[in-house]
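Architecture at a glance
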Amino acid sequence: MRKYYLFIIRDEYYNKYRYKQNILYKALFYLYKTNEYDLSHGLYLYEKICNVFSVKLLNNYIKNKYETEIISKKIIKLNSIIEKTIIQINYSCVIVISNMNIPLIFKTLNIYNKKIFVCDFINQDYFWLNSQLSEFYQKHTYNKIGG
């Protein structure tokens, strides 16, 4: 299972760090590791780099688009034969736990916002969602066509 943290990056930081992902990852990793003593600095850094998610909008959309099971007020389980995915939608970030490297919900989140940066802090993996999906679908479309 992989645990992804998704952040919407503000325009100026998206443009600045689009090709310097490692710097952006380090800043978000610092936020991930922030303790209560550094909370005010972490909040300042978050507000400078990130935009918030529309929790109500995403929750309603996901519940209408997918077959789901409500685990709690914030946690939704997608019912699928192919993948096991749980989503927690917060204002600060969306957490996706899945047995897939590219869960189906990523496509929906990419439609929601094209400037989402994804971090898997446990595996030290990070990527722009839009770029990763483009590569994934190009690769799989190419293979289906017979390339």
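Please read these numbers as outputs of a predicted model, since none were measured by experiment.

On to unusual backbone geometry, then. The phi angle at Gln-124 is positive, at roughly 50 degrees, despite the residue not being glycine. Structurally, Gln-124 can be placed in the loop between strand S7 (116–120) and strand S8 (125–128). On the basis of relative accessibility, which here comes to 59%, the residue Gln-124 falls in the exposed class.

With that out of the way, let us pick up the confidence of the model for the protein. Here the protein averages 88 in pLDDT, and 90% of its residues register 70 or above. Long-range and interchain partners of residues 142–147, a stretch whose pLDDT sits below 50, account for one contact in this model, where long-range means more than four residues apart.

The side-chain alternation of strand S4 (residues 75–78) yields one buried face, formed by Ile-76 and Leu-78, and one unburied face, formed by Ile-75 and Lys-77. Across three bridges, the pairing between strand S3 (residues 68–70) and S4 is antiparallel. If you follow Glu-69 over to S4, its bridge partner there is Lys-77. Hairpin connection between S3 and S4: a loop of four residues separates the two successive antiparallel strands. Of the strand pairs in this sheet, S4 and strand S5 (residues 85–89) are connected by four bridges, and their pairing is antiparallel. Residue pairing across strands places Ile-76 opposite Ile-87, the latter belonging to S5. Linking S4 to S5, which pair antiparallel, is a turn of six residues.

Our next topic: the packing of aromatic side chains. The description of an aromatic ring pair uses the distance of the two centres, along with the angle that the planes make with each other. Within the structure shown, the criterion is met by 16 aromatic pairs. Consider the rings of Tyr-13 and Tyr-17, whose centres lie 6.1 Å apart with planes at 15 degrees: the pair is stacked. Pair noted here: Tyr-13 and Tyr-17 are both in helix H1 (residues 11–17), with a separation of four residues, about one helical turn. Ring plane angle 15 degrees and centroid distance 6.0 Å describe the contact between Phe-53 and Tyr-112, whose orientation is recorded as stacked.

The subject of this paragraph is the nonpolar core. Residues Leu-6, Val-94, Ile-105, Phe-106, Leu-109 and Leu-129 are the most contacted members of the largest nonpolar core, which totals 23 residues. Elements with a minimum of two residues in this core: strand S1 (2–9), helix H4 (55–65), S4, S5, strand S6 (94–98), helix H5 (105–112), S7 and helix H6 (129–145). With near-sequence residues (within four places) excluded, Ile-105 lies in contact with Ile-62, Tyr-66, Leu-78, Thr-85, Ile-87 and Val-96. Counting 21 residues, the second-largest nonpolar core is a separate cluster that includes Tyr-25, Leu-28, Cys-50 and Ile-95.

How each quantity is defined
Residues numbered from 1 in each chain as written. Predicted model: local features only at pLDDT ≥ 70, side-chain atom pairs only at ≥ 80, totals over all residues. Heavy atoms only, no water. Helix = DSSP H or I, 4+ residues; strand = E, 2+ residues; numbered from the N terminus. Buried < 20%, exposed > 50% of the residue type's maximum accessible area, 1.4 Å probe, protein only. pLDDT = per-residue confidence, 0-100. Contact = heavy atoms within 4.5 Å. Pairing = 2+ DSSP bridges. Phe/Tyr/Trp six-rings, centres within 6.5 Å; stacked < 30°, edge-to-face > 60°. Core = buried A, V, L, I, M, F, W, Y, C linked by side-chain atoms within 4.5 Å.

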